[in-house]
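# Commentary on secondary and tertiary structure
Below are the chains, spelled out letter by letter.
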Amino acid sequence: MDFERDGITRRSAMYYGASSLALVCSFDFDKRARAARGKTSAALRSAASGPFEPFQRDVPIPAVARPVRSSKKLEEYVMDMQPGMAEILPGYETPILGYNGSFPGPTVRARRGREVQILQRNRTNRSLNVHLHGGVTMPQYDGHPHDAIPAGEERLYKYPNVAHSSTLWYHDHAHGETAQTLFAGLAAFYLLDDPDDNHLDLPQGDFDVPLMITDRSFNKDGSFRYRLDLDRGFRGDTILVNGAVAPRMKVERRLYRLRFLNASNARAYNLVLGNDRDMIQIGSDGGLLPAPVKRKIIPMEPAERVDVIVDFRQFGVGSKVILHNQGGEPSTSAVMRFDVVRGTAEEARIPKLMREDDELPEPNAERSWPLTFQGLAGGASVWQIGGGGFSEMRIDCRPRQGSTELWTWRNLSNRTHPMHIHGYHFKIVSMNGKTPHPADQGWKDTVAVYPNETVVVMPYFDYFPGRYVFHCHAAEHGDMSMMGQMEVVA
Ligand SMILES: [Cu+2]
């Protein structure tokens, strides 16, 4: 369909609200899509020539947000959270909610030491807020679940960018509704760079690529299909990278920095490149690792980030290298494909050492958090931390600013819980009694606690005091109501 030809631009269509959605949907689809109507998304996928066939589209790279004002100390942005249309399946327009109406939303490129302010305008009909995941922000800008921007209103978020360089992302954190809003498309990258990293000569520009992995299912009309599953969380039958079905990407024979984000509601991935080729992990949630770590398989729970360098010089021109999700179902095993072409001169290198280990104070408190699935009177169930569900009225702990503590997540359930702490980072002390994998020894903000296992982490309550949440990032678990509240006291 061609909005221009019909005298209506894509962008203006977004502003017309619900009635325009009906108008857009009434447009005729192209022949192939029309032929596919009436099938389920799984059936479409299994049809070899159907629109769900992988590697049919080039990977889209989300637009970089442009500041409305910029100085040495501050960059100011304005963003609209609003309905939009995304072309995910060939020939279909999928209604989404997105930052500036796009999915994924625009990438914010920030620099350490320069503040970013984003005026977020809520142009939807529901309460929303914005959480900068992995960000070090004052609590009033953190997107606390009970601190919402009502429909039609706006809020200025301030990000001081005081922490190390890292791959962050921002998404909605509305109380009890994050599974829906994340699924609808409110997710985007926020890449924090640090000029002090320049000497590392990491791949830059076109060779530094953010890749947001999500899973979705679709209705016959191309719209997202959501089914609530409180136990496992949502599982889609289709993998998207940057909002395209298992896309392909042309790569030169040279080094690339690939920044993976698992922005799925609840699906975990095990990323494997080609025939078990090495990926060189250089970063995790909290930024660069002390030194690169070679990996053949990279597990990613929801909300985790993994930065890798892939050396495409090991492949010949014309190679097609598939990144797959080991252990996925037949329709969720292909993630994307890299098509290798001739390279230009290499400017980047793989550094030997990247970041010095930080000196941390000795832990001055120990806390234990059992993670459980709890039946309620009346037949309903909820997920709980420490024997309780989320309550805005309850503070679960009061760590001291500037201190570290030992937190033990004890998973007494048969589902994995990716546990996330807002406002601060932690080191993983042990995973089920074992020393964590070298790639998990950097700063983290989200960690997988597998069924019936125990993970000990050491959060460092540096930076700002105040009230923040910590929760399971399987979105359905966090909503219902696997979330606690801490007040870090000065
Ligand atoms: Cu969970």
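Calculation criteria
Residues numbered from 1 in each chain as written. Predicted model: local features only at pLDDT ≥ 70, side-chain atom pairs only at ≥ 80, totals over all residues. Heavy atoms only, no water. UniProt positions renumbered as here; feature names shortened; annotations may be inferred. Helix = DSSP H or I, 4+ residues; strand = E, 2+ residues; numbered from the N terminus. Buried < 20%, exposed > 50% of the residue type's maximum accessible area, 1.4 Å probe, protein only. Contact = heavy atoms within 4.5 Å. Salt bridge = Lys/Arg side-chain N within 4 Å of Asp/Glu carboxyl O. Donors = N, O, S within 2.8 Å, 3.2 Å for Na, K, Ca; no water. Phe/Tyr/Trp six-rings, centres within 6.5 Å; stacked < 30°, edge-to-face > 60°. Pairing = 2+ DSSP bridges. Axes fitted to C-alpha atoms, helices over the stretch in contact; angles between N-to-C directions. pLDDT = per-residue confidence, 0-100. Core = buried A, V, L, I, M, F, W, Y, C linked by side-chain atoms within 4.5 Å.

If you look the protein chain up in an unreviewed UniProt entry, it shows as Multicopper oxidase domain-containing protein from Solirubrobacter deserti. Taken from UniProt, the Sequence similarities (unreviewed entry) comment for the protein chain reads in full: "Belongs to the multicopper oxidase family."

## A closer look at the overall build of the protein chain
From N to C terminus, the protein chain includes six helices and 30 strands. Here the protein chain, with 490 residues, has 57% of them falling under the buried criterion. Counted over contacts in the protein chain with a minimum sequence separation of 6, partners at least 24 positions apart contribute 75%.

## Some thoughts on the pattern of salt bridges
The tally for this structure, following the rule as stated, stands at 31 salt bridges. The shortest N-O distance in the salt bridge between R109 and D208 comes to 3.3 Å. Here R109, found in strand β4 (residues 108–111), pairs with D208, found in strand β10 (residues 208–216); they are 99 residues apart in sequence, far enough to count as distant. On the accessibility criterion, R109 (29% relative accessible area) is partly exposed. Of the residues examined, D208 reaches a relative accessible area of 8% and is grouped as buried.

## Overview of the coordination of the copper ion
Distances from the copper ion to its protein donors, H417 (ND1), C472 (SG) and H477 (ND1), fall within 2.0 to 2.1 Å. Classification of H417 by relative accessible area gives buried; the value is 0%.

## Description of the packing of aromatic side chains
Under the counting rule described, the total for this entry stands at 24 aromatic pairs. Judged by centre distance (5.0 Å) and plane angle (55°), the rings of W369 and F470 are tilted. You can see W369 sitting in strand β22 (residues 363–375) and its partner F470 sitting in strand β29 (residues 466–472), a full 101 residues away along the chain. Each of the two residues, W369 as well as F470, counts as buried. The interplanar angle of 25° and the centroid separation of 6.3 Å between the aromatic rings of W443 and Y460 together place this pair among those described as stacked. Note that W443 is positioned in the loop between β26 (425–431) and β27 (446–449) and Y460 in strand β28 (residues 454–460), a separation of 17 residues in sequence.

## A closer look at the sheet that holds β27
Pairing is antiparallel in the open sheet, where four strands are placed in the order β27-β25-β29-β30. Of all strands in the sheet, those with a lone pairing partner are β27 and β30 (483–488), marking the two edges. Averaged over all adjacent pairs, the angle separating strand axes in this sheet is 20°, with direction ignored. Both β29 and β30 contribute to a ladder of six bridges, which runs antiparallel. Counted as the bridge partner of F470 is G484 from β30.

## Details of the pairing of strand β24 (residues 404–411)
Of all eight residues making up β24, six are buried, and the element is well covered by its neighbours. With seven bridges connecting them, β22 and β24 associate as parallel partners. What sits directly across from P370, in β24, is R410. Sheet analysis places β24 next to β28, joined by five bridges and oriented antiparallel. Bridging across to β28, W407 finds its partner in V457.

## Some details on the environment of K352
Topologically, K352 is positioned in the loop between β21 (334–341) and β22. On the basis of relative accessibility, which here comes to 72%, the residue K352 falls in the exposed class. The spatial distance from the C-alpha of K352 to the C-alpha of L200 is 8.9 Å, given a sequence separation of 152 residues. Beyond its immediate chain neighbours, meaning those up to four positions away, K352 contacts A291 and P292.

## Overview of the confidence of the model for the protein chain
On average, residues of the protein chain carry a pLDDT of 90, and 90% of them reach 70 or more. The low-confidence segment residues 1–39 (pLDDT under 50) makes 56 contacts with residues lying over four places distant or belonging to another chain. Within the model, pLDDT remains below 50 along residues 45–51, and this stretch shows 15 contacts once partners closer than five positions in the same chain are excluded.

## As for the environment of I280
Its place among the elements puts I280 in strand β16 (residues 279–284). Distance from I280 to D307, taken between C-alpha atoms, is 8.4 Å for residues 27 residues apart in sequence. Discounting residues that sit within four places of it in the chain, I280 has contacts with P292, V293, K294, D307, V308, I309 and I350.

## Observations concerning the sheet that holds strand β9 (residues 187–193)
Strand order across the open sheet formed by four strands is β4-β9-β8-β6, with mixed pairing between neighbours. Looking at which strands have only one partner, the edges of the open sheet turn out to be β4 and β6 (131–133). Across the sheet, the mean angle separating the axes of adjacent strands is 25° when strand polarity is ignored. Two elements, β6 and strand β8 (residues 166–171), share three bridges in a ladder whose sense is antiparallel. Bridging across to β8, H131 finds its partner in H171.

## Concerning the nonpolar core
M249, L258, F260, L271, L323, M336 and F338 are the most contacted members of the largest nonpolar core, which has 29 residues in total. No other element matches β21, which puts four residues into this core. Among all residues touching M336, those that are not within four sequence positions of it are F55, V59, L211, V241, A246, P247, M249, V321, I322 and L323. One finds L371, W409, A474 and M482 within the second-largest nonpolar core, a separate group that totals 27 residues.

## Some remarks on the side chain of N325
Mapping N325 onto the fold places it in strand β20 (residues 320–325). Residue contacts for N325: discarding those within four places in its chain leaves R267, A268, Y269, N270, T332, S333 and V335.

## Thoughts on the pairing of β20
In summary, the side chains of a regular strand alternate between the two faces of the sheet. Side chains V321, L323 and N325 project from β20 onto a buried face, and the interleaved K320, I322 and H324 project onto a face without burial. Sheet topology note: the strand β15 (residues 269–273)/β20 ladder contains three bridges and is antiparallel. Across the sheet, V272 pairs through a bridge with H324, a residue of β20. Sheet analysis places β20 next to β21, joined by five bridges and oriented antiparallel. Counterpart to V321 in the pairing with β21 is F338.

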